[in-house]
Amino acid sequence: MINSKYFFQGFNCIKKFDSPAIALGTCFIAIGSLLKNLGFNIQESIFSTLLTYALPGSLVMAESLLVGASLINIFLAVWLVNARLYPMTVSLMPLLMHESQPKWKYYLSCHFIAVSAWLIMKNNYEVVNKKNRIDFWIGIGTATWCVAILGTIIGYYASDYLNKDMMIGLAIVNPVYFSCMMVGSMKNLQVSLSIILGAILGPLFFFMSPEWSILYGGFIAGTIAFFIGEFNVK
Amino acid sequence: MSSSIVLAILVTSFATYLSRFLGVVSSEKIKETSKWFRWFNCLAYSTLAALIARSIIFPAGALSEADYLIRIIVLIISILIFHITKRNLVYPTVFSAIMLAFLNSYFV
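Because the structure is a prediction, the values reported are computed rather than measured. (Residues numbered from 1 in each chain as written. Chains lettered and ligands numbered in written order. Predicted model: local features only at pLDDT ≥ 70, side-chain atom pairs only at ≥ 80, totals over all residues. Heavy atoms only, no water.)

1. Considerations on the overall build of chain A
A count of helices and strands for chain A gives 13 helices and zero strands. Taken from N to C terminus, the helices and strands of chain A fall in the order α-α-α-α-α-α-α-α-α-α-α-α-α. Its C-alpha atoms give chain A a radius of gyration of 18 Å, near enough to 17 Å, the size a compact globule of 234 residues would have. Structurally, chain A occupies a C-alpha span of about 55 × 45 × 35 Å along its principal axes. For chain A, the residues scored as buried account for 59% of the 234 residues in total. For chain A, the proportion of contacts with a sequence separation of at least 24, taken over those separated by at least 6, is 78%. Summed over all atoms, the accessible surface of chain A reaches about 9,800 Å², with 69% contributed by carbon and sulfur. (Helix = DSSP H or I, 4+ residues; strand = E, 2+ residues; numbered from the N terminus. Rg over C-alpha atoms; globule rule 2.2 N^0.38 Å. Buried < 20%, exposed > 50% of the residue type's maximum accessible area, 1.4 Å probe, protein only. Contact = heavy atoms within 4.5 Å. Areas by Shrake-Rupley, 256 points an atom, 1.4 Å probe, with all protein chains shown as cover.)

Shown next as structure tokens:
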């Protein structure tokens, strides 16, 4: 069903020098602590990370619950902030699809699509032949998922011992890790331009519309980078 | 478990899975060598960059309590460490947490 050799090859990414464990763990420690302060019990906190496994979505849910938003409002706010997962999935899954593999693997393992696992897979997919990439991906996803759940549990129980400065210190780890990963991904003109323009336009659009800034900024930056890249290849 | 929290978690999970699910449906029709794939690749990287840049410049939660200039300085030094250490990700991430906690308690 799942080839264990490739599964564990993916799973072991957590032990490598570019391991996402620290960054991912710290941000879910912060989430665990936040959920406890919001009144979640330990089961609800684990349940949340287990089922959602996307940090910005969990943050939006927490903020919405705090202001007493309706379920429809929570749905729309989360969907909007996590809509970035759509282009991330479309730009990853075609690299993993193989006719010999059952479709359920793709529909189940897409749950693992989050920044950390996605960036690791995008940077390493070529090391595995196409037929076995999905098992490699399931290994990476399972490893990062486990770290996220463990981080949530630690954060939940450690929240009483974390002071303000420690929480601020933990909060920078995630953006720093992803910024370094993104800089490391700048291997061709299209991707480099996408990253640079996205980093400029995302915050710029925040002045016009905080809710839509990531989607507007990302869409325009990505489209400009695409056309410049295509033009230069010709 | 209180029912409103469980419902909120279920709604959040559904809203999150929806984008992933629709992504797999679309992927079945997109070849990795096509222009569509390259376009979506650009969109994925640019939206991620937009999200990360926004989370540093206009952060929510604990990070918003750190000074804007301190956040930017820590980020730039961390990226430099990433380059100096031959793209090791552990050093810059550990450094960033210690540096920010220190600078924030010292200067603010």
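Back to the text.
2. Details of the interface of chain A and chain B
Of the residues lining the interface, 94 residues belong to chain A; the matching set on chain B comes to 76 residues. When the two sides are added together, the surface that chain A and chain B hide from each other amounts to roughly 7,600 Å², 76% of it contributed by carbon and sulfur. Between E230(A) and R38(B) there is a salt bridge; the shortest N-O distance is 2.6 Å. Here chain A is connected to chain B by 21 residue pairs in polar contact (both at pLDDT 80 or more). In terms of residue count, the dominant contributor to the side of chain A that touches chain B is helix α11 (residues 164–184) of chain A (18 residues). Looking at side-chain class alone, the side of chain A that touches chain B contains 61 nonpolar, 22 polar and 11 charged residues. (Buried area = accessible area lost by both parts, 1.4 Å probe. Salt bridge = Lys/Arg side-chain N within 4 Å of Asp/Glu carboxyl O. Polar contact = N/O pair within 3.5 Å; in protein donor to acceptor, adjacent residues only side chain to side chain. Nonpolar A, V, L, I, M, F, W, Y, C, P; charged D, E, K, R; others polar.)

3. Digging into the pattern of salt bridges
Tallied over the entire structure, the rule returns six salt bridges over all chains. Linking K36(A) and D160(A) is a salt bridge whose minimum nitrogen-to-oxygen distance equals 3.5 Å. Note that K36(A) is positioned in helix α2 (residues 21–37) and D160(A) in the loop between α10 (133–158) and α11, a separation of 124 residues in sequence. According to the relative accessible area criterion, K36(A) is partly exposed, its value standing at 26%. A salt bridge links K164(A) to E65(B); the shortest N-O distance between them is 3.6 Å. Pair noted here: K164(A) is in helix α11 and E65(B) is in the loop between α2 (35–57) and α3 (68–84), and the two residues belong to different chains.

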